[in-house]
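Topology and contacts: notes
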Amino acid sequence: MGPTASGKTALAVALAQRFPVELISVDSALVYRDMNIGTAKPEPEILALAPHHLIDIIDPTESYSAATFRREALALMTDITARGRVPLLVGGTMLYFRALRFGLSELPPADAEIRAEIEQQAAQIGWPALHAELAKIDAVTAARLAPNDSQRINRALEIFRISGSPMSQLIAAQETTELPFQLTNIALITSDRSVLHQRIAIRFKQMLTNGLLDEVKSLQAKYDLNRDLPSMRCVGYRQAWEFLAGEISEAELLEKGIAATRQLAKRQLTWLRGMPDNLEFDCLDLGLVEKIVELVEERV
């Protein structure tokens, strides 16, 4: 587990060369077909060397939930272990990791009327203002959401208005679901946030050089997309859509894309700090692979 640009894939591939593991992607963006550049999807030669489960499994017009991930990941883990191998889950979607480890909370179902009221309010005052409102009633959930994360802010406010309880409180009250596996939770953190920020900036610039805008154009031509789909709300794709729509300049595209990715990394690190039993390693440590290999050998 770790924030974006922390080197998770490289580490996982290195471990796949040393141990009888099979990789399971824990990434809500990598599930989409034809979304390769903006998701930093591993190159075909990397996937040939170390195949990943749960990559390229749905179209960008479809949705994929934490509940679906948990069900499919557990089935894969059972199958992999039955074949005498070890599942290695790698990614940065912390909600998926939490759902896998602790199960899913019983949250109230969606209410179309309340959701429409919240969207109307957002149209009047903006999602950042509603994010500030959420922070007053559910600071824990608000801290993990970007001020413009309309889908999740809407859902958190909807849950509070239906139940009268903060979403984080309902999640904390859920029953723990015991997994039939022994877990080793490896968390990649950074000893220098500025270096991680530099990596993020370099990678986003490289995505643009590699053709992110052309990729989004191709997606728009191939699929019946709109900007409110979960796939198009992914970091990078949202900003590319705005640029192609003539809403922001090229300089703003670069600035907003890097800023959104940094915000994502910050939220990922916040999740990691709140997760129990993590073994933390510095992603900037030049001896990281050797240390993780030693840890795995001790646990085998």
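In case you missed it, the structure is sitting above this.
Below is a summary of the structure that appears in this document. Just so it is clear, the structure is predicted and the values come from calculations on it, not from any experiment.

**Section: the sheet that holds strand E2 (residues 52-53)**
Sheets are built from strands paired through backbone hydrogen bonds, the pairs being either parallel or antiparallel. Pairing is parallel in the open sheet, where three strands are placed in the order E2-E1-E3. Bordering the open sheet on either side are E2 and strand E3 (86-91), each of which pairs with just one other strand. The pairing of strand E1 (residues 21-26) with E3 spans six bridges and is parallel. Its bridge partner being in E3, Val26 is matched across the sheet by Gly91. Its contacts with the sheet put helix H1 (residues 8-16) on E1, E2 and E3, and the angle it makes with E3 is roughly 165°. Along the sheet, helix H3 (residues 66-82) makes contact with E1, E2 and E3, crossing E1 at roughly 180°.

**Things to note about the side chain of Ser25**
Relative to the assigned elements, Ser25 resides in strand E1. Under the relative-accessibility criterion, Ser25 is labelled buried at 2%. When near neighbours in sequence (up to four residues on either side) are disregarded, Ser25 contacts Leu30, His53, Leu54, Ile55, Phe69 and Val90.

**Here's the deal with the packing of aromatic side chains**
This model, assessed by the stated rule, comprises two aromatic pairs. Seen in terms of ring centroids, Phe69 and Tyr96 are 4.8 Å apart; in terms of plane orientation they differ by 15°. Their pairing is stacked. Of this pair, Phe69 sits in helix H3 while Tyr96 is found in helix H4 (residues 94-102), placing the two residues 27 residues apart along the sequence. The residues Phe69 and Tyr96 share a single accessibility class, namely buried. Clustering of aromatic rings is evident, with ring pairs tying together Tyr64, Phe69 and Tyr96.

**Quick look at the pattern of salt bridges**
Opposite charge on two side chains allows them to pair when their charged atoms are near. What the rule picks out here adds up to 14 salt bridges. Salt-bridge contacts for Asp34 lead to Lys222; the nearest nitrogen and oxygen are separated by 2.9 Å. Of the two residues, Asp34 is situated in the loop between E1 and helix H2 (44-49) and Lys222 in helix H11 (residues 212-222); the sequence distance between them amounts to 188 residues. Accessibility expressed as a relative area gives 57% for Lys222, which makes it exposed. Here Glu242 and Lys256 are joined by a salt bridge, their closest N and O atoms 2.9 Å apart. Placement of the pair is Glu242 in helix H12 (residues 237-244) and Lys256 in helix H13 (residues 250-273), with a sequence separation of 14 residues. Its relative accessible area of 36% is what places Lys256 among the partly exposed residues. In the salt-bridge network here, residues are joined through shared partners; they are Glu22, Asp79, Arg83 and Arg85.

The rules we used
Residues numbered from 1 in each chain as written. Predicted model: local features only at pLDDT ≥ 70, side-chain atom pairs only at ≥ 80, totals over all residues. Heavy atoms only, no water. Pairing = 2+ DSSP bridges. Helix = DSSP H or I, 4+ residues; strand = E, 2+ residues; numbered from the N terminus. Contact = heavy atoms within 4.5 Å. Axes fitted to C-alpha atoms, helices over the stretch in contact; angles between N-to-C directions. Buried < 20%, exposed > 50% of the residue type's maximum accessible area, 1.4 Å probe, protein only. Phe/Tyr/Trp six-rings, centres within 6.5 Å; stacked < 30°, edge-to-face > 60°. Salt bridge = Lys/Arg side-chain N within 4 Å of Asp/Glu carboxyl O.

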